[in-house]
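Structure at a glance
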Amino acid sequence: MNHIIGAQTAAAMPAVKWLLVDEESAGQRLDNFLMRHLKGVPKTHVYRIIRSGEVRINKGRASAETRVETGDEVRLPPVRVSDKVAEKAARPAPGREFPVLLEDDSLMAIDKPAGVAVHGGSGVSFGVIEQLRQARPQAKLLELVHRLDRDTSGILLVAKKRSALKNLQDQFRERETGKTYLALVKGEWPAKLKVIDQPLHKFLLPDGERRVKVTTPEDPDGMRSITLVKVSQRLVGATLLEVTIKTGRTHQIRVHLASNGHPIAGDDKYGDFEWNKVLPKQGLKRMFLHAWRLQFNHPITAERVALQADLPPELKAYVDHAQLKTPSV
């Protein structure tokens, strides 16, 4: 009996799949629709199977630009995913729910704890979105509307419909949202400094880690970044600030505050490292940055929504026990 070396058994071979397009996917380009369903398959391969005619819509050939419609049947040929993706599927993220501030049919707003990434990647195998999907297998769609740094706590929006995702992301891009954070910084923040309008430049360290720095308006790679600052409380050696961002750049608040001489407590990238060593002994064991308030227009009703996530217990306890600065007489 002849054996083909390296051949897979029939049971192990990927099979043809038929996908029924639902209302949420209607109007999507075929290539984008496929990439959502073929996670781990290289883009080049996705375009190759479309060009070859192996992908069919209602049994007919289609191009990458073809828009899928509700009720369409899409044929997916057998495809192999990378070992990395297969391994990830074999060891899914542990399901986890998070405190919910608002939820309806189109979106949910959660209060993200510090220390949890919003999604897997760059050394993190899973994040909030993977855990939510695992906890809610019946959910047709759960997608991040925006992002928060791993060590930042607070309000995070998740879309439950593709139409809501697009609407909300457009609002973030067009600066129609209101985003205010609470940040504890070193030293006495000057009362007169209320607007920071400094361009930011993103770059990579030799090890591939992202960093951001303030640059000049002439820098072609600089992105205009605007931060509004209001003093909330003055403590001994520190100031609690209400920080509203008008642009959503990577690490914007952290870099803007640090570049003005007042780094955020516990910031391991842009902070005062000597101060950071002292803080845990005083009861602060994380970065003091919290996404406190968020305003946006509801994607369905267009009504203005105002959310607030109170300071987490560990941050509130630190402020409560910190010595308030006595007003000068």
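Residues numbered from 1 in each chain as written. Predicted model: local features only at pLDDT ≥ 70, side-chain atom pairs only at ≥ 80, totals over all residues. Heavy atoms only, no water.

Considerations on the overall build of the protein
Condition: In this description a helix means any DSSP run of H or I spanning at least four residues, a strand means any run of E spanning at least two, and both kinds are numbered starting from the N terminus. The buried label applies to any residue whose accessible area, calculated with a 1.4 Å probe on protein chains only, is under 20% of its type's maximum; exposed applies above 50%, and partly exposed to all values in between. Per-residue and other accessible areas follow the Shrake-Rupley method at a 1.4 Å probe size, with only the shown protein chains counted as cover for residues.
Across its full length, the protein holds eight helices and 16 strands. Each of the 329 residues in the protein was classed as buried or not, and the buried ones make up 41%. Surface exposure of the protein reaches about 18,600 Å², of which carbon and sulfur atoms provide 52%.

A short note on helix α2 (residues 43–51)
Stated precisely, the cut-off is as follows: As used here, the arc belongs to the directions running from the helix axis to the C-beta atoms. Throughout, a contact is declared for two residues whenever any of their heavy atoms are within 4.5 Å.
Among the residues of α2, those classed as buried are V46, I49 and I50. Seen along its axis, α2 keeps its buried residues to an arc of 105°; they face one direction. Turned more than 90 degrees away from the buried face of α2 sit T44 and R51, all of them exposed. Taken together, the buried residues of α2 touch α1 (30–37).

Description of the packing of aromatic side chains
Put simply, the test is: Pairs were defined over the aromatic rings of Phe, Tyr and Trp, the Trp ring being its six-membered one, requiring ring centres within 6.5 Å. Orientation was assigned from the angle between planes: stacked under 30 degrees, edge-to-face over 60, tilted for the rest. Only when the NZ of Lys or the CZ of Arg is both within 6 Å of the ring centre and within 35 degrees of the ring normal is a charge said to sit over the ring.
Counting across every chain of the model gives zero aromatic pairs. We note R211 situated over the ring of Y270; from NZ or CZ to the ring centre the distance is 6.0 Å.

Re the confidence of the model for the protein
Here is the rule: For every residue, the pLDDT score states the predictor's confidence, bounded by 0 at the bottom and 100 at the top.
Looking at the protein as a whole, its pLDDT mean stands at 89, while 90% of the residues score no less than 70. Residue range residues 1–12 is modelled with pLDDT below 50. Its contacts to residues more than four positions away, or to other chains, number three contacts.

Remarks on empty space enclosed by the protein
Rules: Think of a 1 Å grid over just the protein atoms. A cavity is a set of points where a 1.4 Å probe fits yet cannot get out, a pocket is an open set with protein on both sides within 12 Å along at least five of seven lines, and lining residues have an atom within 4 Å of a point. Grid points are joined across faces, edges and corners, and a volume is the space filled by probe spheres set on the points. In this count, Pro and Cys sit with the nonpolar residues alongside Ala, Val, Leu, Ile, Met, Phe, Trp and Tyr, while Asp, Glu, Lys and Arg are called charged and the others, Gly among them, polar.
This structure, assessed with the given rule, holds one cavity of 30 Å³ or more. If you add up the space inside the largest cavity, you get close to 60 Å³. Grouping the amino acids of the lining of the largest cavity by side-chain chemistry returns five nonpolar, two polar and two charged.

What about the layout of surface pockets?
Computed from the structure, the second largest pocket encloses a volume of approximately 1,300 Å³. Lining the second largest pocket are 37 residues, with R147, L148, D149, R210 and T250 positioned closest to its centre. The set of elements that each furnish at least two residues to the lining of the second largest pocket consists of α5 (162–173), β9 (178–186) and α6 (252–259). Grouping the amino acids of the lining of the second largest pocket by side-chain chemistry returns 10 nonpolar, 13 polar and 14 charged.

What to know about the pattern of salt bridges
Rules: A pair is scored as a salt bridge if a Lys or Arg side-chain nitrogen falls within 4 Å of a carboxyl oxygen belonging to Asp or Glu.
Counted under the stated rule, the structure contains 17 salt bridges. Taking the shortest distance from any N to any O, the salt bridge between E103 and R136 comes out at 2.6 Å. With a gap of 33 residues between them, E103 in strand β5 (residues 100–103) and R136 in the loop between α4 (128–135) and β7 (143–144) connect regions that are remote in the sequence. Owing to a relative accessible area of 33%, E103 belongs among the partly exposed residues under this scheme.

Here's the deal with the sheet that holds strand β4 (residues 73–76)
The strands that make up a sheet are held in pairs by hydrogen bonds between backbone atoms, and each pair lies either parallel or antiparallel. Keep this limit in mind: When DSSP finds at least two bridges between two strands, those strands are taken to pair.
With antiparallel pairing, four strands are arranged side by side in an open sheet as β1-β4-β2-β3. Each edge of the sheet is formed by a strand with only one pairing partner; in this case those strands are β1 (17–20) and β3 (60–61).

Some words on the pairing of strand β11 (residues 200–204)
When β11 meets strand β12 (residues 210–214), the two strands line up antiparallel, connected through five bridges. Across the sheet, the residue bridging to F203 is R211, located in β12. The turn linking β11 back onto β12 is made up of five residues, and G208 within it adopts a positive phi angle of 90°.

Brief notes about the nonpolar core
Note that soluble globular proteins tend to have their nonpolar side chains buried in a common cluster. Here is the rule: Residue types Ala, Val, Leu, Ile, Met, Phe, Trp, Tyr and Cys, when buried and joined through side-chain atoms within 4.5 Å, form a set referred to as a nonpolar core.
If you look at the biggest cluster of nonpolar residues, it comprises 28 residues, and the most contacted ones within it are I253, L257 and I264. Those residues within four positions of L257 in sequence are excluded, and the remaining contacts are A183, V185, W189, I196, V229, L241, V243, H262, P263 and I264. Membership of the second largest hydrophobic core comes to 18 residues, among which are L19, F33, V46 and V79.

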